[in-house]
Amino acid sequence: MVPVICNGHTLFEYMKSKGKKLTAGSVTFKVTVEYTGEVLSATIEDTTIQSEEFLCKVSNFIMDMDFVVWARDDKDTVFFYPANFGRYK
């Protein structure tokens, strides 16, 4: 997830530089990953960021990534990943 969050920070600053109204905030992603490492879904569980455009793009970053295969069965894993953008404290 580190590359996704780094790309999200870059996207946040880029969108702000282009005049998009973005305020710093936090978001918690709910990510479902198949045992093969493929991301099945990435949804917003909770957020203080109001830009649907930004949140959609970061969710797409997550959907485009692959995880390491970790088991030889067909159980999916769900995890929650919190992130902060825009120097949010």
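You'll find the structure just up there.
Predicted model only: the values in this text are computed from it and were never measured. (Residues numbered from 1 in each chain as written. Predicted model: local features only at pLDDT ≥ 70, side-chain atom pairs only at ≥ 80, totals over all residues. Heavy atoms only, no water.)

Peer 1: Pulling in residues and values, what's your account of the pattern of salt bridges?
Peer 2: Two side chains with opposite charge may pair up if their charged atoms get near one another. The full count for this structure, using the stated rule, is 2 salt bridges. Notably, a salt bridge pairs Lys 20 with Glu 53, separated by 3.3 Å at the nearest N-O pair. Highlighted residues: Lys 20 in the loop between helix H1 (2-17) and strand E1 (25-33) and Glu 53 in helix H2 (residues 52-63), separated in sequence by 33 residues. Note on Lys 20: relative accessible area 40%, which makes it partly exposed. The residue Glu 53 makes a salt bridge to Lys 57 at a minimum N-O spacing of 3.6 Å. With Glu 53 and Lys 57 both in helix H2 and 4 residues apart, the pair spans about one turn of that helix. Given the relative accessible area of 36%, Lys 57 is considered partly exposed. Overlapping salt bridges, with partners in common, bring together Lys 20, Glu 53 and Lys 57 in one network. (Salt bridge = Lys/Arg side-chain N within 4 Å of Asp/Glu carboxyl O. Helix = DSSP H or I, 4+ residues; strand = E, 2+ residues; numbered from the N terminus. Buried < 20%, exposed > 50% of the residue type's maximum accessible area, 1.4 Å probe, protein only.)

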